[in-house]
Amino acid sequence: MIVAYLESAAAASPTFAERLREQLSAVGIDRPTSDEWYSARAFQTALFETADSLDDETLRRIGRQMAALSGVADETNDLLGALTALNAAHERTHRRVDDFTAYELRDVDERAGEAVVACPSMPYPESVTRGAVAGVVDPHADRVEIDSLPPGKDQFRFRVRWA
């Protein structure tokens, strides 16, 4: 996950990627590799500290790029399958995380092209998560919009609209 995030960050903003590398090093993650596991809490700390210096559009691009690298689009045949696969993709890239985040698909209205994705906690900056949700849908729709909704029962919620 960290290597994919760094690759996504570099594609969206080389300056951000360098700042993120510096922050990761400050929390004890030097030169991460894809065959090692690292502390999610340390990664989140570095990510939130670094993300404060970027605009929302750059963070959404990073999220979209992360989704492209996740393989969800390759594993699914349709938009709802991609949204449903978000949770499995998150589980594959996180293990032994105390505050496990699950992505739950709700209130699906295929005719209107709308659904809600909810999660109990926000492990990454909101704009990155919105970008990642949009990124798994992109290959299956001509147009995708992600809006943040007011929290419901202590959950973060996003409305996904597509055409």
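An account of the accompanying structure is given in this report.

Our focus in this paragraph is the nonpolar core. Core analysis: the biggest nonpolar cluster contains 24 residues, and L83, V136, V137 and V160 have the highest contact counts within it. Sorting elements by how many residues they give to this core places helix α6 (residues 79-93) first, with 7 residues. Ranked by size, the runner-up nonpolar core spans 21 residues in total, among them L6, F16, A51 and Y124.

On to the packing of helix α1 (residues 2-12) against helix α4 (residues 56-70), then. In the contact formed by α1 and α4, the axes pass within 8 Å of each other and the chain directions differ by 130°. As judged from the angle between their axes, α1 and α4 are oblique. In this structure, α1 meets α4 at a crossing whose hand is right-handed. Contacts between α1 and α4 pair A4, Y5, E7, S8, A9, A11 and A12 from the former with T58, R61, I62, Q65, M66 and L69 from the latter.

Here we take up the pattern of salt bridges. A complete count under the given rule lists 8 salt bridges for this structure. With its nearest N and O atoms 2.8 Å apart, the salt bridge here joins E57 to R60. Here E57 pairs with R60, and both are found in helix α4, just 3 residues apart, close to one helical turn. Classification of R60 as partly exposed rests on a relative accessible area of 21%. Linked by salt bridges that have partners in common, E114, D147, R159 and R161 make up one network.

Along the chain, T76 falls in the loop between α5 (72-75) and α6. For T76, a relative accessible area of 11% puts it in the buried group. Here H140 takes part through its side chain, which lies 3.2 Å from a polar atom of the side chain of T76. If near-sequence neighbours (up to four positions away) are discounted, T76 is found in contact with G81, A82, A85 and H140.

So, about helix α3 (residues 40-51). Over its 12 residues, α3 runs 16 Å from end to end, which matches the ideal 16 Å to within 8%, given 1.5 Å per residue. Structurally, α3 contributes buried residues whose contacts are with α1, α2 (14-26) and α4. The N-capping residue of α3, defined by a side-chain oxygen 3.1 Å from the backbone nitrogen of A42, is S39.

Look at helix α7 (residues 126-137): 17 Å from first C-alpha to last across 12 residues, which is about the 16 Å you get at 1.5 Å a residue. Most of α7 is tucked away: 11 of the 12 residues are buried. The complete set of buried residues in α7 reads S127, V128, T129, R130, G131, A132, V133, A134, G135, V136 and V137.

Turning next to unusual backbone geometry. One non-glycine residue, R31, lies in positive phi territory at about 45°. Structurally, R31 is set in the loop between α2 and α3. R31 sits in the exposed class, given a relative accessible area of 76%. Of note, the phi angle at D107 is positive, near 45°, even though the residue is not glycine. Relative accessible area serves as the criterion here: at 59%, D107 is assigned to the exposed category.

The rules behind these values
- Residues numbered from 1 in each chain as written.
- Predicted model: local features only at pLDDT ≥ 70, side-chain atom pairs only at ≥ 80, totals over all residues.
- Heavy atoms only, no water.
- Core = buried A, V, L, I, M, F, W, Y, C linked by side-chain atoms within 4.5 Å.
- Buried < 20%, exposed > 50% of the residue type's maximum accessible area, 1.4 Å probe, protein only.
- Helix = DSSP H or I, 4+ residues; strand = E, 2+ residues; numbered from the N terminus.
- Axes fitted to C-alpha atoms, helices over the stretch in contact; angles between N-to-C directions.
- Parallel < 35°, antiparallel > 145°, perpendicular 65-115°, else oblique.
- Left-handed = near helix turned anticlockwise from the far one by under 90°.
- Contact = heavy atoms within 4.5 Å.
- Salt bridge = Lys/Arg side-chain N within 4 Å of Asp/Glu carboxyl O.
- Polar contact = N/O pair within 3.5 Å; in protein donor to acceptor, adjacent residues only side chain to side chain.
- Expected span 1.5 Å × (residues − 1).

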